[in-house]
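Architecture and fold: a report
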Amino acid sequence: MNPTPAAVYARISVSNEASVSLARQVEAARQYAAARGWEVVDTFTDDGVSATHNRPEDREGWRAVLDSPARFEKVIVWKVDRLARRVLDFLHADEALQARGAGIVAVDDPVDMTTPQGRGFAVMLAVFGEMEAAVTSARVAAARSHLVRAGRVVGGKVPYGWRSVENPRGPGKVLAQDPDRIGYVRGAVERVQAGQSVYAAMQWLNEVGAPTPAGRGDAWVYSSVERMLRHPVLAGLTPFNPGNGARRRGADVLRDERGLPVVDEAVALLPVAEWRALVDALDGRTSAQALPRALKGTTSALLSGLVWCGEHDEPVRMHRGTRAGRESYSCPACHQTVSGFEQVVVEEFLAAKGEHLRWRTVRVVHEGGAALLPEIEARLDELDALIRQAPDREARAALQEQQGTLLDLRDDKRAQTPEVRVEAEGTDRTFGEDWEAAATTAERRAVLDSGLARVTVTRGGRGRRTRDQLLARLAFDWRPTPEWHEPDETWLAHDTDDEALEMLHAIDPEEAAGLRALRQARQRARGEF
């Protein structure tokens, strides 16, 4: 009589001391078969595959069992949960085996799916296995949530520019800025905040030799820089997505009982509002014209976004491209086109602004009790969508309760609106000097943005075009220079002398340095050097 043919199937999610290795599972199955006089004709395994997140039919090893040309009557597993963690998955796997004339047998469970009694008991074991998996998952999620809320590092990749250090307040590790790398993050952020592109920040990181996230000496790539700039850790926020089944970071962050983000100021590089403005700016650069065209195109981005068509009641932004092989801008509404004018714009800019000291406009906010208003509004917008997507009444009620609490808090904070004003911040260099010093298109564009708001183009006459005819088509909208900055006799008359600066330096070096820079700017404006 021929021995009963059998196959062995083993699976493991992760290898550790508490787990039963694939080799041990296979050996136990072979001993089980030998004790019964069965012949093992083939062995199949799934290494590093979760039964909770992967159905049997989605696993390479189990598909090989079903597709195997070998004939076998039994498939030996170590335990029922090696095959499936959900009852439905278990029954589907058993049904697939029955279709090819085989049944499941478990070594460590009294299960033989080739008998009616074994089938009934196996279903009971699968039910308890599913319950155990759910309880374990809940315990792990609760433990992780507790550690995250305590500020502890719970594993995963540490964001670039930060590191995990021993927790000074207790056990475990916490996040802290990495002094060797945080300067590179700050430099990239400052460049993008100043109007430069992500591509320009990438070039800067490569030029200064910043170590890459992989640390293998390779060059920075665009996607890595953008991912770094978008990470919530820049604002001291912790990515946190309880219940997220997508197995990726997601967009949500750790929140308090009111639904507002929890901020770790010791970790933060930027205020939350500045980080959100940075992300909004990155989101606004998703059009074809805003992508890193230096990677894939030859047209200049120097005037992109500054050129508008004046042939309409309201100006229409013109798009950058080429026409007859020449760089040009065209209106999407009336199709007016202008080309060969970039140098004319630069010359006019330098003629109008080149000798003026460069100023940039900054938004100054004197925070009151309303510092939370932007975060409250952002969370209310999120809650509107979450309430519509809530799976049941209980979840919807919890979100609506949070929404009501935030609406009340918003009313309180609106009564404490902060003082907001726009100020101009000066430098000790002229527009012309900064233009000459600019080494990249992004740096030159930042200089233009400081003094030029818009160039409006109208149609010209037919025939050969001269520079004057081209210039007649262009209207320049200059950014105003602060009145109190313009050189006049009063402004130029008051220079701090060297003796006063030396005395001030002994008391406040930073203030002395500021006054010295201001004096040099005044002297430059007078043409003294």
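Within any chain, residue numbers begin from 1 and follow the written order of that chain's sequence. With pLDDT at 70 or above as the cut-off, local features in this predicted model cover only qualifying residues; side-chain atom pairs require 80 or more to be listed or tallied, and sums for whole chains, interfaces and linings still use all residues. The side-chain quantities take in all heavy atoms of the structure and omit both hydrogens and water.

Structural notes on the pairing of strand β15 (residues 452-457)
Put simply, the test is: By the convention used here, strands pair only if DSSP detects at least 2 bridges between them. The way it works is that DSSP assigns letters per residue, a run of H or I at least four long becomes a helix, a run of E at least two long becomes a strand, and they are numbered from the N terminus.
Sheet analysis places strand β8 (residues 307-309) next to β15, joined by three bridges and oriented parallel. Paired with V307 across the two strands is V455, which belongs to β15. Across five bridges, the pairing between β15 and strand β16 (residues 474-478) is antiparallel. Each residue of the ladder has a partner; that of T456, found in β16, is A475.

Section: the packing of aromatic side chains
One pair of aromatic rings is described through two measures. These are the centre distance and the angle between the planes. Put simply, the rule reads: Here the aromatic set is Phe, Tyr and Trp, taking the six-membered ring for Trp, and pairing holds for ring centres within 6.5 Å; pairs whose planes are under 30 degrees apart are stacked, those over 60 apart are edge-to-face, and all others are tilted. Each ring is checked for a lysine NZ or an arginine CZ that lies within 6 Å of its centre and within 35 degrees of its normal; such an atom marks a charge sitting over the ring.
In total, this model carries eight aromatic pairs according to the counting rule given. Taken together through their ring pairs, the aromatic side chains of F349, F431, W435, F476 and W478 make up a single cluster. Just above the ring of W78 sits the side chain of K79; from NZ or CZ to the centre is 5.7 Å. The lysine or arginine in question, R454, covers the ring of W308, its NZ or CZ lying 4.2 Å from the ring centre.

Focus on helix α10 (residues 373-389)
As a reminder, the rule being used: To estimate how far a helix should reach, multiply one less than its number of residues by 1.5 Å. For the exposure calls, accessible area comes from a 1.4 Å probe over protein chains only, and a residue counts as buried if that area is under 20% of its type's maximum, exposed if over 50%, partly exposed in between. Arc definition: directions from the helix axis to the C-beta atoms.
If you check α10, its first and last C-alpha atoms are 25 Å apart, about what 17 residues at 1.5 Å a residue would give, namely 24 Å. Three or more residues of α10 are buried, namely L373, E375, I376, R379, L380, L383 and I387. One side of α10 holds all its buried residues, which, seen down the axis, span an arc of 140°. Facing away from the buried side of α10, by more than 90 degrees, are the exposed residues D381, R388 and Q389.

Here's the deal with unusual backbone geometry
One non-glycine residue, H335, adopts positive backbone phi at about 65°. Residue position: H335 is located in the loop between β11 (326-330) and β12 (337-339). A relative accessible area of 59% means that H335 is categorised as exposed.

A word on the side chain of S328
The cut-off we apply is this: Contact definition: two residues touch when any of their heavy atoms are within 4.5 Å.
Secondary-structure assignment places S328 in strand β11. Taking the relative accessible area as the measure of exposure, S328 reaches 6% and is therefore buried. Once residues lying within four places of it in the same chain are set aside, the contact partners of S328 are H319, R320, G321, T322, R323, T337, V338 and S339.

Structural notes on helix α11 (residues 393-414)
Definition in use: Polar contacts here mean pairs of N or O atoms no more than 3.5 Å apart (in protein, one a potential hydrogen donor and the other a potential acceptor; neighbouring residues in sequence count only if both atoms are side-chain atoms).
Here α11 contains 22 residues, and its C-alpha end-to-end distance of 31 Å stays within 8% of the 32 Å for a straight helix at 1.5 Å per residue. Buried residues belonging to α11 abut α10. Where α11 begins, the side chain of D392 points an oxygen toward the backbone nitrogen of E394, at a separation of 3.2 Å.

Regarding the sheet that holds strand β9 (residues 316-317)
Using the following cut-off: Here an angle of 0 to 180 degrees is reported between the N-to-C directions of two axes, which are lines fitted to C-alpha atoms, with helices fitted over the stretch in contact.
The strand order β9-β8-β15-β16 describes an open sheet built from four strands, whose pairing is mixed. Of all the strands in the sheet, the pair left with one neighbour each is β9 and β16. Its contacts with the sheet place helix α9 (residues 342-353) against β15 and β16, and it is angled at close to 40° to β16. Helix α13 (residues 441-451) contacts β15 and β16 of the sheet and is inclined by roughly 85° relative to β15.

A look at the pattern of salt bridges
Heads up, the condition is: Salt bridge criterion: a side-chain nitrogen from Lys or Arg within 4 Å of a carboxyl oxygen from Asp or Glu.
If you walk through the whole model with that rule in mind, you get ten salt bridges. For E226, the salt bridge identified is with R230, shortest N-O distance 3.2 Å. Taken together, the positions of E226 and R230, both in helix α7 (residues 222-230) and four residues apart, correspond to about one turn of that helix. With its nearest N and O atoms 3.0 Å apart, the salt bridge here joins R379 to E382. In this pair, R379 and E382 are both assigned in helix α10, three residues apart and thus about one turn of the helix distant. On the basis of relative accessible area, E382 is assigned to the partly exposed category, the value being 29%.

Here's the deal with the sheet that holds strand β10 (residues 319-323)
Strand pairing in a sheet relies on backbone hydrogen bonds, with the paired strands running either antiparallel or parallel. Overall, antiparallel pairing links the three strands, which are arranged β10-β11-β12 in an open sheet. Of all the strands in the sheet, the pair left with one neighbour each is β10 and β12. Between one strand axis and the next, the sheet turns through 40° on average, direction left out of account. Direction of pairing for β11 relative to β12: antiparallel, over a ladder of three bridges. Looking at β12, one finds that S330 is bridged to T337.

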